[in-house]
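Close look at the chain arrangement
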Amino acid sequence: MSIPDQQASGPFEGPEKLLEIWFAPSPAECLDTTTEGGKFGLRKVPRALWEEMLDIVKCKILSVTEGTEMDAYLLSESSLFVSPHRLILKTCGTTLNLLGVPRILEIAREHAGFPSVYRLFYSRKAFMFPERQLGPHKDWRAEVEFLDNLFPNGSAYTVGKVNGDHWLLYLTAPEDALSSNGGTAPSSPHSSANDVDTADPETSAEESADDADDAGVSDYTIEILMTHLSPEGRAPFFSKNPLDGADATAGSDALALSSEIGISNIFPSHITTLDAYPFSPCGYSCNALLKWRPDAGQNPARSGEGYYTIHVTPEEGWSYASFECNVPLPTKPTDKPTSVPDLKTMIRRVVDIFRPGKLTLTLFVSSEDNDAVEEEEGESAVEAAQRAFKSALTLPSRRGGHDETNGLFGLYKRTDKINYEFGGYDLAFASFELRSQS
């Protein structure tokens, strides 16, 4: 992560503030807006306007990757993802994430034709150094009050141990909620979270579409939030040479590092477009766009492109790494190396890179109705995720077969497990830590 001058003499806050604003249920509902260079909705907003908004938040754009369905901005403090109907802003340190919301709403109204917000989500892990935060971020109650003043239909939650690892969430109900339980969720990448072999190039777009349409999952976000990184996990993220005057090679250096330590191999290379940056004297960020469906970009009503993003603060004493991805992952192992990994395999690939002493996993997944959750073999989506979490971290990894990692797996113990139902969403939350080796 970038370390601003004012923070260089003290600890850096790695855990991010994650803001997600939906202005419509899907890109298909933005098609009546004018286009710029083939882009529509929020994607047609000029970069200069996003830069202006980010000045309020106190971060800068380092680079941008333009995808088929979304644009990924790599920031000095984390990431910005812009889809036609949705904006995701993830920022770390002492950035003023929520202060950007009023300007985001203005930009959406004046330049993308969105008069109101469909849904808003704001979440974060408990801060390591809350006393260093600024503005509304000094206290969770202040953040909630700030959002309540903007949105009359919001709800705030604390998930996990208040005196330990916990996760904070604020969400609003759909603007046009029609059902008694808060309405159905927006449609993001559609897939079955249990048995869709989504990225196999031999699978036709039509077959993938049929599988997706049968699924109950319409919005899927997995986060792996890691602290107490091992010395081996931290070492690659310290600069060997200062970046002064070497910004032109920073991106290529970061891509080489990503390949060397396994980040490039989390998902199959043929569906991945990776953008990465190494910070000086230490830190790392990357965005990856993932074309997990072969027909990505062809039908605005059915998404086929997602993302993952990784951010690393490697200093001893406050080391932290985060992984976030919105591509629906199967919970059953896949047999083809070209396939999107199953959830257990993906967790092991990520954790093996950083080897954290403690970690929290969250899966935030929508369903058409929380009273009739999509079930597979009698197991709900969140219970399947909890099983994958536990299997990935508490059971020894196999030698050979399709599980190529041989790290610390089997050495973790689960310290917390919580399943939560919201209006139209389910949450699987779990915390793990290394077992004592005495």
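Anyway, here's the lowdown on the structure attached to this text. (Residues numbered from 1 in each chain as written. Predicted model: local features only at pLDDT ≥ 70, side-chain atom pairs only at ≥ 80, totals over all residues. Heavy atoms only, no water.)

**What to know about the overall build of the protein chain**
- For the protein chain, the count of helices and strands is eight helices and 18 strands.
- With 438 residues in all, the protein chain has 59% of them scored as buried.
- Taking the intrachain contacts of the protein chain between residues at least 6 apart in sequence as the baseline, contacts between residues at least 24 apart amount to 70%.
- Surface summary for the protein chain: the accessible area is close to 17,300 Å², and the carbon and sulfur share equals 48%. (Helix = DSSP H or I, 4+ residues; strand = E, 2+ residues; numbered from the N terminus. Buried < 20%, exposed > 50% of the residue type's maximum accessible area, 1.4 Å probe, protein only. Contact = heavy atoms within 4.5 Å. Areas by Shrake-Rupley, 256 points an atom, 1.4 Å probe, with all protein chains shown as cover.)

**Some remarks on the environment of R141**
- Positionally, R141 belongs in helix α3 (residues 140–148).
- The spatial distance from the C-alpha of R141 to the C-alpha of A156 is 9.2 Å, given a sequence separation of 15 residues.

**A word on unusual backbone geometry**
- Cis geometry is adopted by the peptide bond preceding P281, which originates at S280 and carries an omega value of 10°.
- Within the element layout of this structure, P281 appears in the loop between β10 (272–278) and β11 (284–291).
- The backbone of S78 sits at a positive phi, close to 90°, despite the residue not being glycine.
- Checked against the element boundaries, S78 lands in strand β4 (residues 78–82).
- Under the relative-accessibility criterion, S78 is labelled buried at 0%.
- Its identity as a non-glycine residue notwithstanding, H228 has a phi of 55°, on the positive side.
- Among the structural elements, H228 can be located in strand β9 (residues 217–229).

**Regarding the sheet that holds β4**
- Read across the sheet, eight strands follow the order β2-β3-β4-β5-β1-β6-β8-β7 without closing on themselves; strand pairing throughout is antiparallel. On the outer flanks of this sheet lie β2 (61–66) and β7 (154–160), each paired with one strand and no other. Averaged over all adjacent pairs, the angle separating strand axes in this sheet is 10°, with direction ignored.
- Strand direction decides the pairing type here: strand β1 (residues 17–22) and strand β5 (residues 86–91), joined by six bridges, are antiparallel. (Pairing = 2+ DSSP bridges. Axes fitted to C-alpha atoms, helices over the stretch in contact; angles between N-to-C directions.)

**Focus: the side chain of H166**
- With respect to the element layout, H166 can be found in strand β8 (residues 166–172).
- Engagement of the side chain of H166 in a polar contact is seen with the backbone oxygen of K161, the distance being 3.0 Å.
- Within the structure, H166 has its side chain in polar contact with the backbone oxygen of G164 (distance 2.9 Å).
- For H166, the contacting residues outside a window of four places in its chain are R124, K125, A126, T158, V159, G160, K161 and F429. (Polar contact = N/O pair within 3.5 Å; in protein donor to acceptor, adjacent residues only side chain to side chain.)

**Some words on empty space enclosed by the protein**
- Counted according to the given criterion, the structure contains three cavities of 30 Å³ or more.
- In this structure, the largest cavity is lined by L18, E20, F121, S123, W167, L169, D219, T221, E223, E324, T362 and F364.
- Taken together, the elements giving at least two residues each to the lining of the largest cavity come down to β1, β6 (119–125), β8, β9 and β14 (356–367).
- Here the lining of the largest cavity takes three residues from β9, the largest share from any one element.
- Looking at the lining of the largest cavity residue by residue, the classes come out as five nonpolar, three polar and four charged. (1 Å grid on protein atoms, 1.4 Å probe; cavity = no way out; pocket = protein on both sides within 12 Å on 5 of 7 lines; lining within 4 Å. Points joined across faces, edges and corners; volume = space filled by probe spheres on them. Nonpolar A, V, L, I, M, F, W, Y, C, P; charged D, E, K, R; others polar.)

**Focus on the packing of helix α7 (residues 343–354) against helix α8 (residues 381–394)**
- It is at 9 Å that the axes of α7 and α8 come closest, and there the two elements cross at 45°. The angle between the axes of α7 and α8 places the two elements in the oblique class. α8 is crossed by α7, and the crossing has right-handed handedness. Touching L343, K344, I347, R348 and V351 of α7 are A385, A388, F389, S391, A392 and L393, all from α8.
- Broken down by class, the residue content of the contact of α7 with α8 amounts to eight nonpolar, one polar and two charged. (Parallel < 35°, antiparallel > 145°, perpendicular 65-115°, else oblique. Left-handed = near helix turned anticlockwise from the far one by under 90°.)

**Observations concerning the nonpolar core**
- Counting 49 residues, the largest nonpolar core has F267, Y308 and F389 as its most contacted members.
- The greatest single-element share of this core, amounting to seven residues, is contributed by α7.
- Residues L75, V82, A108 and F114 belong to the second largest nonpolar core, which totals 38 residues. (Core = buried A, V, L, I, M, F, W, Y, C linked by side-chain atoms within 4.5 Å.)

**Digging into the packing of aromatic side chains**
- This structure, assessed with the given rule, holds 17 aromatic pairs.
- Consider the rings of Y157 and F422, whose centres lie 4.7 Å apart with planes at 75°: the pair is edge-to-face. Separated by 265 residues along the polypeptide, Y157 in strand β7 and F422 in the loop between β17 (412–421) and β18 (425–434) bring together distant segments of the chain.
- Overall, Y157 belongs to the partly exposed group, its relative accessible area being 24%.
- By relative accessible area, which is 6% here, F422 ends up buried.
- Within the aromatic cluster, the residues linked to one another by ring pairs are F121, Y157, W167, F364, Y420, F422 and Y425.
- Directly above the aromatic system of W22 lies the positively charged group of R86, at a separation of 5.1 Å from the ring centroid.
- The lysine or arginine in question, R124, covers the ring of F127, its NZ or CZ lying 3.9 Å from the ring centre. (Phe/Tyr/Trp six-rings, centres within 6.5 Å; stacked < 30°, edge-to-face > 60°. Lys NZ or Arg CZ within 6 Å of the ring centre and 35° of its normal.)

**Section: the pattern of salt bridges**
- Inspection of the entire model under this criterion finds 18 salt bridges.
- Its salt-bridge partner being K417, residue E383 comes within 3.5 Å of it at the nearest N-O pair. Residue E383 is located in helix α8, and its partner K417 is located in strand β17; the two are separated by 34 residues in the primary sequence.
- Under the relative-accessibility criterion, K417 is labelled partly exposed at 37%.
- Through salt bridges with shared partners, a single ionic network connects K39, R43, E66 and D71. (Salt bridge = Lys/Arg side-chain N within 4 Å of Asp/Glu carboxyl O.)

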